Amino acid sequence: MNDDRLPPVAPEVTATLVEDLSPRLRKRLDAAVTKLAARPTHRDGDTTTIEVDDETALRLHAPGGVVAKAEDISCGCLLAPACVHRAAAACAAPTADPAPEPAEQPTSEALEAPEPCEAPEAPRPASAADPGTLSPPETANPAQRAAADALWAAGAAVLEARVDGAGAVTQSVLLRAAHTARLRHLPRAAGAALAVVTLLRAARAGDPSYRTADLVTALAELLGTARRVGTASGAELAAVRGRARRPYTPDGSLRLYGLFTEPVVTDSGHGGVRTWVAGADGRLFTVGDVAPGGAGRALGVADRAVRLGDSALTHRELGRAGLAVSGATVSPDGRLGAGKGVKAVTARGAAWTEPPLAALWETPPSEQVARALRSTSRYADPDGGGSDLLFLDVELLGAVREAGGTCLLALCEGGVRVRLAVADDDPALAHRDNLALLAAAPGARLRIIGRLAPAPHPRLTLLACSHPTGEGTVDLGFDRLRRADLPDPAAPARFAPPQPAGSVAQSPLYLLERRVEQTVPAGRAALGMLGDVTAEAVRIRRAGLPTAAALLTALCASAAQRDRDLFGRLLPADTDGFAAYWLAAARYTAAVAESLCSAAWDPTT
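Quick caveat: nothing in here was measured; it's all calculated off a predicted structure. (Residues numbered from 1 in each chain as written. Predicted model: local features only at pLDDT ≥ 70, side-chain atom pairs only at ≥ 80, totals over all residues. Heavy atoms only, no water.)

### Examining the side chain of Q368
Among the secondary structure elements, Q368 is positioned in helix 12 (residues 365-376). Classification of Q368 by relative accessible area gives buried; the value is 0%. A distance of 2.9 Å separates a polar atom in the side chain of Q368 from the backbone oxygen of T363. A polar atom in the side chain of Q368 sits 2.7 Å from the backbone nitrogen of F391. Apart from the residues within four sequence positions on either side, Q368 is in contact with L360, T363, L389, L390, F391 and L392. (Helix = DSSP H or I, 4+ residues; strand = E, 2+ residues; numbered from the N terminus. Buried < 20%, exposed > 50% of the residue type's maximum accessible area, 1.4 Å probe, protein only. Polar contact = N/O pair within 3.5 Å; in protein donor to acceptor, adjacent residues only side chain to side chain. Contact = heavy atoms within 4.5 Å.)

### Brief notes about helix 13 (residues 431-438)
Every α-helical turn comprises 3.6 residues, leaving residues that sit three or four positions apart pointing alike. All of the buried residues along helix 13 are H431, N434, L435, L437 and L438. The arc enclosing the buried residues of helix 13, seen along the axis, measures out at 160°, which places them on a common side. Here the buried face of helix 13 lies against strand 5 (249-265), strand 10 (389-402), strand 11 (405-412), strand 12 (416-422), strand 13 (445-452) and strand 14 (459-466). (Arc of directions from axis to C-beta.)

### Quick look at the confidence of the model for the protein chain
Keep in mind that low pLDDT regions are not for reading the predicted coordinates in detail. Put simply, the protein chain has an average pLDDT of 85, and 88% of its residues get 70 or more. pLDDT under 50 marks residues 99-132. Its contacts with residues more than four places away, or in other chains, come to 32 contacts. Note that pLDDT drops below 50 for residues 490-504; the model gives that stretch 22 contacts with residues more than four away or on any other chain. (pLDDT = per-residue confidence, 0-100.)

### Some points on the packing of helix 15 (residues 534-542) against helix 16 (residues 546-560)
It is the contact of helix 15 with helix 16, at a shortest axis distance of 7 Å, that shows an interaxial angle of 165°. Between helix 15 and helix 16, the crossing angle belongs to the class labelled roughly antiparallel. Judged by the twist between their axes, the crossing of helix 15 over helix 16 is right-handed. On helix 16, the residues touching E536, A537, I540 and R541 of helix 15 are P546, A548, A549, A550, L552 and T553. The class makeup of the residues in the contact of helix 15 with helix 16 is seven nonpolar, one polar and two charged. (Axes fitted to C-alpha atoms, helices over the stretch in contact; angles between N-to-C directions. Parallel < 35°, antiparallel > 145°, perpendicular 65-115°, else oblique. Left-handed = near helix turned anticlockwise from the far one by under 90°. Nonpolar A, V, L, I, M, F, W, Y, C, P; charged D, E, K, R; others polar.)

### With respect to the environment of S209
Mapping S209 onto the fold places it in the loop between helix 7 (187-204) and helix 8 (212-229). Residue classification places S209 among the partly exposed residues on the basis of a relative accessible area of 27%. Separated by 57 residues in the primary sequence, S209 and T266 have C-alpha atoms spaced 9.7 Å apart.

### Observations regarding the packing of aromatic side chains
One pass over the structure, following the stated rule, counts three aromatic pairs. Arranged with centres 5.1 Å apart and planes meeting at 75°, the rings of W361 and F391 form a pair that is edge-to-face. Separated by 30 residues along the polypeptide, W361 in the loop between strand 9 (343-347) and helix 12 and F391 in strand 10 bring together distant segments of the chain. Taking relative accessible area as the criterion, F391 reaches 2% and is therefore assigned buried. Over the aromatic face of W152 sits the side chain of R227, whose NZ or CZ is 4.0 Å from the ring centroid. (Phe/Tyr/Trp six-rings, centres within 6.5 Å; stacked < 30°, edge-to-face > 60°. Lys NZ or Arg CZ within 6 Å of the ring centre and 35° of its normal.)

### So, the sheet that holds strand 9
Pairing within the open sheet is antiparallel, and its five strands lie in the order 7-6-5-8-9. The sheet terminates laterally at strand 7 (284-292) and strand 9, the two strands that pair on one side only. Along the sheet, successive strands turn relative to each other by an average axial angle of 35°, direction set aside. Here strand 5 pairs with strand 6 (residues 270-279) via nine bridges, running antiparallel. Residue pairing across strands places F260 opposite W276, the latter belonging to strand 6. Those strands touched by helix 10 (residues 294-301) are strand 5, strand 6 and strand 7, and its axis lies near 40° from that of strand 6. (Pairing = 2+ DSSP bridges.)

### Notes on the pattern of salt bridges
This model, assessed by the stated rule, comprises 28 salt bridges. E19 is paired through a salt bridge with R176; the nearest N and O atoms lie 3.0 Å apart. In this pair, E19 is assigned in helix 1 (residues 11-19) and R176 in helix 6 (residues 168-183), connecting sequence segments 157 residues apart. Relative accessible area serves as the criterion here: at 37%, E19 is assigned to the partly exposed category. The exposure class of R176 is partly exposed, given its relative accessible area of 23%. Between D425 and R432 there is a salt bridge, with its nearest N and O atoms 2.3 Å apart. With relative accessibility at 52%, the residue D425 sits in the exposed group. A relative accessible area of 40% means that R432 is categorised as partly exposed. (Salt bridge = Lys/Arg side-chain N within 4 Å of Asp/Glu carboxyl O.)

### Re the packing of helix 8 against helix 17 (residues 575-600)
At a minimum axis distance of 10 Å, the contact between helix 8 and helix 17 shows a crossing angle of 115°. Viewed along their axes, helix 8 and helix 17 form a crossing whose handedness is left-handed. Seen from helix 8, the contacting residues are V216, L219, A220, L223, G224 and R227; seen from helix 17, they are A579, A580, W582, L583, A586 and R587. In terms of residue class, the contact of helix 8 with helix 17 is built from nine nonpolar, one polar and two charged.

### Observations concerning a negative patch on the surface
The grouping of E51, D53, D54 and E55 at the surface amounts to a negative patch. Residue placement: D54 occurs in the loop between strand 2 (47-51) and strand 3 (57-61). (Patch = residues over 30% accessible without salt bridge, like charges linked within 9 Å, V, L, I, M, F, W, Y side chains within 5 Å. Areas by Shrake-Rupley, 256 points an atom, 1.4 Å probe, with all protein chains shown as cover. Lys, Arg positive; Asp, Glu negative; His and termini not counted. Charge placed at Lys NZ, Arg CZ, Asp CG, Glu CD.)

### Quick look at the nonpolar core
Formed by 69 residues in total, the largest nonpolar core has its most connected members in L174, L215 and W582. The element contributing the most residues to this core is helix 7, with eleven residues. Other than its neighbours up to four places away in sequence, L215 contacts V163, V196, L199, L200, Y210 and V520. (Core = buried A, V, L, I, M, F, W, Y, C linked by side-chain atoms within 4.5 Å.)

### Points about the sheet that holds strand 4 (residues 73-75)
Spatially, four strands are ordered 1-2-3-4 in an open sheet, and the strand pairing comes out antiparallel. With partners counted over all chains shown, the strands left at the sheet margins are strand 1 (41-44) and strand 4, one partner each. Pairwise comparison of adjacent strand axes, ignoring direction, gives a mean angle of 20° for this sheet. Two strands pair when backbone bridges link them, and strand 3 and strand 4 are joined in this way by three bridges, in the antiparallel orientation. Its bridge partner being in strand 4, R59 is matched across the sheet by S74. Sheet strands in contact with helix 3 (residues 84-92) are strand 2, strand 3 and strand 4, and its direction is about 140° off that of strand 4.

Here it is in structure tokens:
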């Protein structure tokens with residue numbers, strides 16, 4: 001059985017079914033989930049049936065596509081409804097998002113009315129005796145603090161249990177805490193908890209797309225957000241709470257100029273396109289179309305009309321043309337809404353060398369990188385806006401070999417050498433062939449658009465470039481360059497092809513980073529058995545990172561610490577203390593990595 005074929009189950013349903021199991025059945029739950037995953041499944045309308053055995057069937061009823069009540073999962077075995085099968089089915093199914101983004105953009109009335117979870121408490125009126133008295137900043141209420149404490153405890157339990165030990169019971173605790181947090185208007189923390197559950201399931205199932213670093217980020221986001229709920233106030237509290245839905249706000253009339261179109265292919269099997277446009281003031285916006293289908297769908301959708309007003313432009317045409325939009329609605333991350341009130345007509349575009357687009361390339365690379373890092377930080381507050389795109393004028397130097405393959409080396413403003421990598425390895429897309437062809441043209445000067453790849457050396461994934469002949473632009477995921485498009489190979493190049501480059505010098509920060517990552521699959525106890533880390537701490541300190549050295553020492557000491565009572569018996573481990581050290585180390589390494597990335601792009605450092 002492929003769990004993608006099961007309907008998503010609401011978090012509170014899974015939590016309720018697991019909580020209702022007897023202690024004996026809870027011990028059998030993980031084995032039941034594994035066994036159920038191997039059974040045949042078929043769907044008929046809103047009902048999905050799993051054949052538990054030759055005589056027993058398990059049914060999941062999902063009106064509207066989501067199993068929203070515990071009664072919607074029924075089993076035909078003799079022990080039902082107190083059997084383990086219902087809980088196992090819920091744990092095997094994907095977790096439903098309790099607040100999915102609406103397909104239609106909200107009406108103007110809805111846009112003006114804040115959602116209940118977003119509305120701040122009304123300020124207290126000023127005292128009659130002191131009309132100038134200001135009300136104190138809003139803080140979390142007791143119910144929100146309690147919900148945050150439950151999320152913290154659930155996240156700390158994952159660090160204690162490790163991936164192999166964080167089975168269905170541990171996940172159900174996270175799901176219950178997430179549901180409670182959402183009811184208490186803490187959607188950001190609730191979303192982080194659901195992300196942890198999804199990644200835990202992927203890790204335990206051996207999903208090839210799973211990366212430990214993703215689970216580290218999700219856990220740190222969960223723990224960090226839960227910790228901040230109790231201390232934040234005012235605007236910071238609003239950011240910590242987050243939003244249950246992505247708000248689209250009115251933006252009046254916009255004059256837009258196409259930049260490029262990129263294919264979007266996800267590990268979950270979705271595919272489509274994203275077209276980038278810029279406003280007259282330089283703001284960046286996107287128009288997307290992504291749905292199940294993979295790379296094949298991305299190639300097909302690129303030539304379909306954009307879903308924006310009455311425009312007849314395809315995505316690839318929009319990437320080189322323009323639009324005049326009235327009644328525009330925009331999300332915080334720059335997505336253009338496609339509601340009924342939006343009107344759009346085709347207009348003249350602009351070349352990358354003409355205003356207003358030319359201004360995007362006038363900002364120094366170091367400033368662009370600082371902006372990109374603010375918008376893509378692993379722990380940035382939501383709704384921060386911005387984008388991770390860089391706009392550079394470069395001179396190609398040639399191919400350079402790396403441990404993971406070959407990339408293109410280029411020289412940009414200030415003498416900074418930047419590595420241009422493939423945005424997507426899928427052979428159906430044109431990225432890799434185009435990069436290989438450009439690597440054979442050292443000395444060529446191009447205007448490029450790429451996505452910042454945070455690393456201790458200048459690096460980005462290449463998305464679009466000016467045509468080597470100087471006429472038009474190239475969407476590197478769709479358009480295929482030919483050798484005839486390259487400059488005359490007999491023309492003298494300013495730079496000779498570089499020699500193969502070795503690996504970039506590695507900061508000893510990785511000594512702390514690997515301990516942070518090791519904790520997730522191995523757990524606190526395994527980290528505590530590492531022994532003395534003095535030599536690693538000394539090496540880090542000598543590199544000018546005393547805080548990292550102190551965090552490494554404290555993290556490993558906390559993992560190994562186990563006190564005993566008066567009778568010599570081991571006391572329970574301090575999971576809260578260890579989680580606090582782990583969170584500090586995770587956030588610190590992310591901040592230093594971003595700082596190193598920023599410094600690598602600054603020619604003055």
